[in-house]
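Working through the structure, step by step
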Amino acid sequence: PVVLTVARLLWSKGIAEVVAASAHLRRRGINVRFVLAGAAGDDNPQSIPVQQVKDWCDQGLIEWHGVCKDVAALLAGSWVVCLPSHREGLPLALAEALAAGRPVVTTDVPGCREVVSEGVNGFLVPVGDVVAIADRLELLLADSDLRHRMGQAGREVAESRLSVERVVSSTMLWYRHCLDVTDSRFPVV
């Protein structure tokens, strides 16, 4: 089984919590691979040093794929997506996970809670709560029916609320409202 995290490797994305959850599950005897995909080592003060990421890999806690151009392939090979961010807008990684029918373990913060409903298409955990992350991941890894139900529910959210057409339509409505535009060149999709 694979737990996937797709994110820039920043402390604020909860990468340290993902690594700690991996260690927790390993101590519990749970056989699982933690795969991280994303850029590391930029000038952002929140960046995790590349050497730290390599050390985690050497310890067998994670596999790091770096920047990945084929996220769909990684999602197809995963069982669960985990993104325990400390703060977010609307994370594209979670939208992609839901579209791929993967259940999600994420934090109960704005942005994440807008797309993940507790117990429906994933689990929301408190920021920094490594034990809660590990517990929810263990539950999903052990229960294929739950993973399937949550994955289906996530796919429905992606189709009904996160499609390009829906986002464009909502954005255009917002612009029309803000600008009081009645110009027919800006049709509502």
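Residues numbered from 1 in each chain as written. Predicted model: local features only at pLDDT ≥ 70, side-chain atom pairs only at ≥ 80, totals over all residues. Heavy atoms only, no water.

A closer look at the overall build of the chain
So the rule is basically this: Secondary structure elements are taken from DSSP: a helix is a run of H or I of four residues or more, a strand is a run of E of two residues or more, and numbering for both begins at the N terminus. C-alpha atoms define the radius of gyration in this analysis, and the globule rule sets the expected value at 2.2 Å times the number of residues to the power 0.38. Categorising residues by exposure relies on relative accessible area from a 1.4 Å probe, with only protein chains included: less than 20% of the type maximum marks a residue as buried, more than 50% marks it as exposed, and the intermediate range marks it as partly exposed. Residue contacts are counted whenever heavy atoms from the two residues lie within 4.5 Å of one another. Accessibility throughout is a Shrake-Rupley quantity obtained with a 1.4 Å probe, and a residue counts as covered only by protein chains that appear here.
Of regular secondary structure, the chain possesses 7 helices and 6 strands. Starting at the N terminus, the α and β elements of the chain follow one another as β-α-β-α-β-α-β-α-β-β-α-α-α. Computed over its C-alpha atoms, the radius of gyration of the chain comes to 18 Å, within 12% of the 16 Å expected for a compact globule of 189 residues. Projecting the C-alpha coordinates of the chain onto the three principal axes gives extents of approximately 60 × 40 × 30 Å. Counting across all 189 residues of the chain, residues that qualify as buried make up 44%. Considering only contacts in the chain between residues 6 or more positions apart, those separated by 24 or more positions represent 62%. Surface accessibility of the chain: about 9700 Å² in total, with carbon and sulfur atoms responsible for 54%.

Let's talk about the sheet that holds strand β3 (residues 63-64)
Put simply, the rule reads: Strand pairing is defined by DSSP finding a minimum of two bridges between the two strands.
Spatially, 6 strands are ordered β3-β2-β1-β4-β5-β6 in an open sheet, and the strand pairing comes out parallel. The open sheet terminates on both sides in strands that have one partner only, identified here as β3 and β6 (122-125). Bridging between strand β2 (residues 33-37) and β3 involves 2 bridges; their strand directions are parallel. Counted as the bridge partner of Val35 is Glu63 from β3.

Description of the pattern of salt bridges
Put simply, the rule is: A carboxyl oxygen of Asp or Glu within 4 Å of a side-chain nitrogen of Lys or Arg is what we treat as a salt bridge.
All told, the structure shown has 6 salt bridges when counted by the stated rule. Residues Arg28 and Asp135 are paired through a salt bridge, measuring 2.8 Å at the closest nitrogen-oxygen approach. Here Asp135 lies in helix α5 (residues 130-142) and Arg28 lies in the loop between α1 (15-27) and β2, a separation of 107 residues in the sequence. Ionic pairing is found between Arg28 and Glu138, a salt bridge with its closest N-O pair at 2.7 Å. In this pair, Arg28 sits in the loop between α1 and β2 while Glu138 sits in helix α5, placing the two residues 110 residues apart along the sequence. Its relative accessible area of 33% is what places Arg28 among the partly exposed residues. For Glu138, a relative accessible area of 27% puts it in the partly exposed group.

Structural notes on the nonpolar core
The cut-off we apply is this: We call a set of buried Ala, Val, Leu, Ile, Met, Phe, Trp, Tyr and Cys residues a nonpolar core when their side-chain atoms join them within 4.5 Å.
Phe34, Trp56, Leu94, Val105 and Leu137 are the most contacted members of the largest nonpolar core, which has 53 residues in total. Looking at which element gives the most residues to this core, the answer is α5, with 7 residues. Discounting residues that sit within four places of it in the chain, Leu137 has contacts with Val3, Ala21, Leu25, Phe34, Val80, Cys82 and Val105.

Points about the packing of helix α4 (residues 92-99) against helix α6 (residues 144-161)
Heads up, the rule is: Geometry is summarised by axes, namely lines fitted to C-alpha atoms with helices restricted to the contacting stretch, and by angles between N-to-C directions that run from 0 to 180 degrees. Each residue gets one of three labels, nonpolar for Ala, Val, Leu, Ile, Met, Phe, Trp, Tyr, Cys and Pro, charged for Asp, Glu, Lys and Arg, and polar for the others, Gly among them.
Viewed as axis vectors pointing N to C, α4 and α6 meet at an angle of 115°, and their least axial separation amounts to 7 Å. Where α4 approaches α6, its residues Ala95, Leu98 and Ala99 are matched on the opposing element by Gly151, Gly154, Arg155, Val157 and Ala158. Taken together, the residues that form the contact of α4 with α6 break down as 5 nonpolar, 2 polar and 1 charged.

Quick look at the packing of aromatic side chains
Defined as follows: Paired rings are identified among Phe, Tyr and Trp, the last through its six-membered ring, by centres lying within 6.5 Å, and are further divided according to the angle between planes into stacked (under 30 degrees), edge-to-face (over 60) and tilted (the rest).
Following the criterion strictly, the structure yields 1 aromatic pair and no others. Ring centres of Trp11 and Trp56 lie 6.1 Å apart, and the angle between their planes is 90°; on these two criteria the pair is classed as edge-to-face. Of this pair, Trp11 sits in the loop between β1 (2-6) and α1 while Trp56 sits in helix α2 (residues 50-58), placing them 45 residues apart in sequence.

Considering the packing of α5 against α6
What counts here: Angles are sorted into four bins: roughly parallel if under 35 degrees, roughly antiparallel if over 145, roughly perpendicular if 65 to 115, and oblique for all others.
Closest axis-to-axis distance for the α5/α6 pair is 5 Å, and the angle between their directions is 100°. As far as their axial angle goes, α6 and α5 are roughly perpendicular. Where α5 abuts α6, its residues Leu139, Leu140, Leu141 and Ala142 lie against Ser144, Leu146, Arg147 and Met150. Per-class residue counts for the contact of α5 with α6 are 6 nonpolar, 1 polar and 1 charged.

A look at the side chain of Ser78
Positionally, Ser78 belongs in the loop between α3 (71-76) and β4 (80-83). When sequence neighbours within four positions are dropped, the list of residues in contact with Ser78 reads Val2, Leu4 and Arg102.

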